[in-house]
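# Secondary and tertiary structure notes
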Amino acid sequence: EAQVTQNPRYLITVTGKKLTVTCSQNMNHEYMSWYRQDPGLGLRQIYYSMNVEVTDKGDVPEGYKVSRKEKRNFPLILESPSPNQTSLYFCASSSALRYTEAFFGQGTRLTVV
Amino acid sequence: LAKTTQPISMDSYEGQEVNITCSHNNIATNDYITWYQQFPSQGPRFIIQGYKTKVTNEVASLFIPADRKSSTLSLPRVSLSDTAVYYCLVGDEEGNTPLVFGKGTRLSVIA
């Protein structure tokens, strides 16, 4: 089954404690991206990757890091989380940035206290 | 990157046809128009995509006028389960622009 898998689904952490949210896809997609969603602000893109070892900043990259060492994985790293990073995060993948059928993960609800 | 404008929210009764219009005045020649649906706490889901005229699938229809400066997503006979946020995206089918979502249109279907 084609899918994008994020882990964990829920996470509560403390300010400053480094964390990683994993994202994995099984569709051999070139393009992967991370979004955060906050009430009233819609989906905002954090980072995206067009292929292995190629990443670019989205609209709100501050405070986040990503890496794309393998095609299937695109982890989101928060080196020093702060309360303003409390949000719902989504990972997505699609074929070569095409606008057809981007697939999204189930979401990760992160709370930073 | 073509900017899109949609209504913030819409209300409809069950069984009615709902039309959500998206404005994209600076759409480029190579750009396609794509719509996604998002339920609360879930990731967006692809609904339909088109380039010009009309596209129809089992879920919705997409109407695009000749100048392509706007598009209309049509949902026939909505039900309560169609309550969701609908996003209009415009981008290059070859993948030269990232997948950027706006705030979408929040559709509320009332019994």
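Residues numbered from 1 in each chain as written. Chains lettered and ligands numbered in written order. Predicted model: local features only at pLDDT ≥ 70, side-chain atom pairs only at ≥ 80, totals over all residues. Heavy atoms only, no water.

Turning our attention to the pairing of strand β4 (residues 45–50) of chain B. All names here are of chain B. Extensive coverage of β4 is indicated by the burial of five of its six residues. The sheet contact formed by strand β3 (residues 31–38) and β4 spans five bridges and is antiparallel. The partner of isoleucine 33 across the bridge, within β4, is glycine 50. Hairpin connection from β3 to β4: six residues lie between these consecutive antiparallel strands, with serine 41 at a positive phi of about 65°. (Buried < 20%, exposed > 50% of the residue type's maximum accessible area, 1.4 Å probe, protein only. Helix = DSSP H or I, 4+ residues; strand = E, 2+ residues; numbered from the N terminus. Pairing = 2+ DSSP bridges.)

Let us now look at unusual backbone geometry. Here the amide bond leading from asparagine 7 of chain A into proline 8 of chain A is cis, since omega sits at -5°, within 30 degrees of zero. In this fold, proline 8 of chain A is placed in the loop between β1 (4–7) and β2 (10–13). Unusually for a residue other than glycine, arginine 68 of chain B sits at a positive phi of about 60°. Topologically, arginine 68 of chain B is positioned in the loop between β6 (61–64) and β7 (70–75).

Take the pattern of salt bridges next. Residues and elements named next belong to chain A. A full pass over the atoms with the stated rule returns five salt bridges over all chains. The salt bridge involving aspartate 38 is made with arginine 36; its shortest N-O contact spans 2.9 Å. By relative accessible area, arginine 36 is classed as buried at 8%. When the shortest N-O distance is used, the salt bridge between aspartate 38 and arginine 44 registers 2.8 Å. (Salt bridge = Lys/Arg side-chain N within 4 Å of Asp/Glu carboxyl O.)

Any functional reading would require information beyond the geometric quantities listed.
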